[in-house]
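Breakdown of the fold
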Amino acid sequence: IVGKRRPQISVGFVSLGCPKNVVDSERMLAQIARAGFPITAEVDNADVVVINTCGFIAPAREESLDAIRRAVDCTRRGNVKKIVVAGCLVEKLGPEIRNQVDGIDALVTLARRDNIAETIREILSAPRSRRRTSDQPPIRRGRPPARDIVPDDRCRLLITPSHWAYLRISEGCNRLCSFCTIPAIRGRFRSKSPQQVLAEADELVSAGAAELSIIAQDTTNYGRDLRIEDGLSALVKKLEKISGLRWLRLMYLYPSGVSDTLIETMARSDKLVHYLDVPIQHVNDQILKAMRRRDTADSLRRLIEKVR
């Protein structure tokens, strides 16, 4: 019929995992919205379901697989037309994920995060039998395609409460803790430039965030790869100057990286919340050694007393 508008394709989004995943989800949601796809909270009845997965530990991987299976069940009932799986579990398993769950239409690696809208358009125009994998080469453990990318996290559709947001300052990790798969998924540690971090912070504050939670795989390592001395402290001092920003909160502080300079910066700051998110993991020296952590029970106790 001439003049009749085509029905809009709705997109449901499932975000799983850590705050770093939340930032990736917010970036993808913004791309989806900008492409003109309505985003619906009724995931089970959306035309397209995007699942941003976590692949860190076994329960998280199973939660991600359960979310995919639920979406597949919806396609069999005719509610959902297409399923896109993105994020860390895709980096970890690659195309093998389809051996565990059949019915996925597209896999999106971390490096292809910003092409999510393009992927949705492609699978909507393709027959059901033609399933698309992200155009990255096969994923090998320890060498993810995104290993050299420092993501630009500007232009996000925030899903945190309106008064605060996450500010990611780096990607990847150089620590080789025996229990952790993050370096294999997200690659080596690489800092964002101070200019990029400040630009992202300005955007978040302009959007109404009064508090920023600074996140990374290892925030205490910030700037080391850029040869910035006391990088995290230097960055905090720059962020404090942003008008409209009331509070800063530091997350993911590796214990051995909490320096006297950082503690002094926190003590003197008017905006840095007196709060430390430190993954101590254990206080048994034998277990810490097996975990390949540099800390000891004694060094951890001394750190806590120093901070006090």
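Residues numbered from 1 in each chain as written. Predicted model: local features only at pLDDT ≥ 70, side-chain atom pairs only at ≥ 80, totals over all residues. Heavy atoms only, no water.

1. Some words on the packing of helix α1 (residues 19–34) against helix α5 (residues 116–125)
Cut-off, in case you're wondering: Here, axes are lines fitted to C-alpha atoms. For helices the fit covers the stretch in contact, and angles between N-to-C directions go from 0 to 180 degrees. Runs of H or I in DSSP of at least four residues are treated as helices and runs of E of at least two as strands, each being numbered from the N terminus. Small angles under 35 degrees read as roughly parallel and large ones over 145 as roughly antiparallel, with 65 to 115 read as roughly perpendicular and the rest as oblique. Note on contacts: a residue pair is in contact if any heavy atoms of the two residues lie within 4.5 Å. All amino acids are sorted into three groups, where Ala, Val, Leu, Ile, Met, Phe, Trp, Tyr, Cys and Pro are nonpolar, Asp, Glu, Lys and Arg are charged, and the leftover types, Gly among them, are polar.
With their axes 8 Å apart at the nearest point, α1 and α5 run at an angle of 55° to one another. Put simply, α1 runs oblique to α5. Of α5, the residues touching α1 (which contributes Met 28, Gln 31 and Ile 32) are Ile 116, Ala 117 and Ile 120. Split into classes, the residues belonging to the contact of α1 with α5 amount to five nonpolar, one polar and no charged.

2. Comments concerning α5
As a reminder of what qualifies: Between buried and exposed lies partly exposed: a residue is buried under 20% and exposed over 50% of the maximum accessible area for its type, with that area taken using a 1.4 Å probe on protein chains only. Picture the helix axis, draw a direction to every C-beta atom, and the arc is the one those directions span.
Those residues of α5 that fall on the buried side of the exposure criterion are Ile 116, Ala 117, Thr 119, Ile 120 and Ile 123. An end-on view of α5 places all buried positions within 160° of arc, on one side of the element.

3. Digging into α1
Here is the rule we go by: In this analysis, the expected span of each helix is defined as 1.5 Å times one less than the number of residues it contains.
Under the 1.5 Å per step criterion, the end-to-end length of α1 is 23 Å for 16 residues, consistent within 8% with the ideal 22 Å. Counting buried positions along α1 gives 14 out of 16 residues, so the element sits mostly inside the fold. At the exit of α1 stands Gly 36, carrying a positive phi of roughly 95°.

4. Thoughts on empty space enclosed by the protein
Defined as follows: Method remark: on a 1 Å grid restricted to protein atoms, a set of points is classed as a cavity if a 1.4 Å probe fits but cannot get out and as a pocket if it is open with protein on both sides within 12 Å along at least five of seven lines; lining residues have an atom within 4 Å of a point. Grid points are joined across faces, edges and corners, and a volume is the space filled by probe spheres set on the points.
Scanning the model with the defined rule gives one cavity of 30 Å³ or more in all. What the largest cavity holds in volume is close to 30 Å³. Elements supplying a minimum of two residues to the lining of the largest cavity: α1 and β4 (82–87). Here the lining of the largest cavity is composed, by residue class, of four nonpolar, three polar and two charged.

5. Considering the state of the cysteines
The line we're drawing: Disulfides are defined as cysteine sulfur pairs within 2.5 Å.
According to the stated counting rule, one finds zero disulfides in the structure shown. With no disulfide of its own, Cys 180 has Cys 177 as its nearest cysteine by sulfur position, at a separation of 6.2 Å.

6. What about unusual backbone geometry?
Even without a glycine there, the phi angle at Gln 281 is positive, about 75°. Structurally, Gln 281 is set in the loop between β12 (272–276) and α10 (285–290).

7. Notes on the confidence of the model for the chain
As a reminder of what qualifies: Residue-level confidence of the predictor, termed pLDDT, takes values from 0 up to 100.
Chain-level pLDDT for the chain is 90 on average; 91% of the residues reach the 70-or-more range. Note that pLDDT drops below 50 for residues 132–145; the model gives that stretch 34 contacts with residues more than four away or on any other chain.

8. Considering the environment of Trp 164
When you line up the elements, Trp 164 lands in strand β7 (residues 164–168). Sequence separation of Trp 164 and Leu 212 is 48 residues, and the distance between their C-alpha atoms is 5.7 Å. Once residues lying within four places of it in the same chain are set aside, the contact partners of Trp 164 are Ala 209, Glu 211 and Ser 213.

9. Concerning the pairing of strand β3 (residues 48–53)
The cut-off we apply is this: Pairing between strands is defined by DSSP: at least two bridges between the two strands are required. Viewed with both strands pointing away, a crossover whose connecting path from the first strand over the helix to the second turns clockwise is right-handed.
For β3, the buried fraction is high: six of the six residues fall into the buried class. Judged by which residues are buried, β3 turns out to be covered on both faces: Val 48, Val 50 and Asn 52 on one side and Val 49, Ile 51 and Thr 53 on the other are all buried. As paired strands, strand β1 (residues 11–15) and β3 are joined by five bridges and run parallel to one another. By the bridge assignment for β3, Val 14 is matched with Ile 51. For the crossover that starts at β3, traverses helix α2 (residues 58–76) and ends in the parallel β4, the hand is right-handed.

10. So, the packing of aromatic side chains
Test applied: Note on ring pairs: Phe, Tyr and Trp rings are taken, using the six-membered ring of Trp, and paired if centres are within 6.5 Å. Classes follow the plane angle, with under 30 degrees stacked, over 60 edge-to-face and the rest tilted. Consider the ring centre and the ring normal. A charge sits over the ring if Lys NZ or Arg CZ is within 6 Å of that centre and within 35 degrees of that normal.
Across all of its chains, the model carries one aromatic pair by this definition. The interplanar angle of 85° and the centroid separation of 4.9 Å between the aromatic rings of Trp 164 and Tyr 166 together place this pair among those described as edge-to-face. On the accessibility criterion, Tyr 166 (14% relative accessible area) is buried. The positively charged end of Lys 20 is found above the aromatic ring belonging to Tyr 252, 3.4 Å away from the centroid. The positively charged end of Arg 249 is found above the aromatic ring belonging to Tyr 275, 4.6 Å away from the centroid.

11. Re the environment of Arg 34
Position of Arg 34 relative to the elements: it lies in helix α1. Arg 34 sits in the exposed class, given a relative accessible area of 61%. In the structure, Arg 34 is positioned 134 residues away from Arg 168 in sequence and 22 Å away in space, judged by C-alpha atoms.

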